[in-house]
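Architecture and fold: a report
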Amino acid sequence: MKRLWLVLLIVAGSLLGLLAGSAYWAGLHAEKRYWSYLAAGSTNPQVQLKGEYRRGWWTSDAITRINTTAPSPLSFNLKHRIYHGILPVAWWLQQGFSLQPVQAIARTVLAPDGLGPMNC
């Protein structure tokens, strides 16, 4: 009986480690994708994009500052909360349960000029 519990404990620990590791791995790729999208959007000389990214284990926060020059100047910020992981546990805790595998789920809101807290 002790051996069965030990095996179950090892299997459960391995699955939790795999889940946490996949979230971290997906977070690395989500950050790379964010910066590549920012670079691709910055090719237009009339639009200036600047970003700030804070990566966590299960979620990441980003702010994209968008400045346009034509036809009239416009400036605004977008706040992003990015839930990453093959199975996004942090998203489940806030929005509901789904077993659909994803790399990341992004939630974006228009932010005032003052950056304030990173809550989305």
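The structure contained in this document is the topic of the report that follows. (Residues numbered from 1 in each chain as written. Predicted model: local features only at pLDDT ≥ 70, side-chain atom pairs only at ≥ 80, totals over all residues. Heavy atoms only, no water.)

**Thoughts on the pairing of strand β2 (residues 59-68)**
Within β2, seven of the 10 residues are buried, leaving the element largely enclosed by the surrounding structure. With nine bridges connecting them, strand β1 (residues 47-55) and β2 associate as antiparallel partners. When the bridges of β2 are listed, R55 appears paired with S60. Once β1 ends, the chain turns through three residues before running back antiparallel as β2. In terms of strand pairing, β2 meets strand β3 (residues 74-84) through 10 bridges, oriented antiparallel. Counterpart to N67 in the pairing with β3 is S75. Taking the residues that link successive antiparallel strands as the turn, the β2-β3 hairpin has five residues. (Buried < 20%, exposed > 50% of the residue type's maximum accessible area, 1.4 Å probe, protein only. Helix = DSSP H or I, 4+ residues; strand = E, 2+ residues; numbered from the N terminus. Pairing = 2+ DSSP bridges.)

**So, helix α1 (residues 2-41)**
Over its 40 residues, α1 runs 58 Å from end to end, which matches the ideal 58 Å to within 8%, given 1.5 Å per residue. Every buried residue of α1 is listed here: A20, S22, A23, A26, G27, A30, Y34 and L38. (Expected span 1.5 Å × (residues − 1).)

**Things to note about the pattern of salt bridges**
According to the stated counting rule, one finds four salt bridges in the structure shown. Residue R55 is joined to E31 by a salt bridge in which the shortest nitrogen-to-oxygen separation is 3.1 Å. Of this pair, R55 sits in strand β1 while E31 sits in helix α1, and the two are 24 residues apart along the sequence. Judged by its relative accessible area of 30%, R55 falls in the partly exposed class. The class of E31 is partly exposed, set by a relative accessible area of 22%. (Salt bridge = Lys/Arg side-chain N within 4 Å of Asp/Glu carboxyl O.)

**Overview of a nonpolar patch on the surface**
A cluster of nonpolar side chains, contributed by M1, L4, W5 and L8, occupies part of the molecular surface with about 500 Å² of accessible area. Relative to the elements of secondary structure, L4 occurs in helix α1. (Patch = residues over 30% accessible without salt bridge, like charges linked within 9 Å, V, L, I, M, F, W, Y side chains within 5 Å. Areas by Shrake-Rupley, 256 points an atom, 1.4 Å probe, with all protein chains shown as cover.)

**Focus on the sheet that holds strand β4 (residues 104-111)**
The strand order across the open sheet built from four strands is β1-β2-β3-β4, with neighbouring strands paired in antiparallel fashion. Each edge of the open sheet carries a strand with a single partner, namely β1 and β4. When strand polarity is set aside, the average angle formed by the axes of neighbouring strands in this sheet is 20 degrees. Bridge count between β3 and β4: eight bridges; the pairing is antiparallel. Note on β4: the bridge partner recorded for Y83 is I105. (Axes fitted to C-alpha atoms, helices over the stretch in contact; angles between N-to-C directions.)

**Topic: the packing of aromatic side chains**
Across all of its chains, the model carries three aromatic pairs by this definition. Taking 5.1 Å as the distance between ring centres and 75 degrees as the angle between the ring planes, the aromatic pair formed by Y34 and W35 counts as edge-to-face. For W35, a relative accessible area of 36% corresponds to the partly exposed category. Taking 5.3 Å as the distance between ring centres and 40 degrees as the angle between the ring planes, the aromatic pair formed by Y34 and Y53 counts as tilted. Remark: Y53 occurs in strand β1 and Y34 occurs in helix α1; sequence separation between them is 19 residues. The buried category is assigned to Y53, whose relative accessible area is 12%. Each residue in the set Y34, W35 and Y53 is aromatic and connected to the rest through ring pairs, giving one cluster. (Phe/Tyr/Trp six-rings, centres within 6.5 Å; stacked < 30°, edge-to-face > 60°.)

Such coordinate-based values are descriptive only and should not be taken to indicate function.
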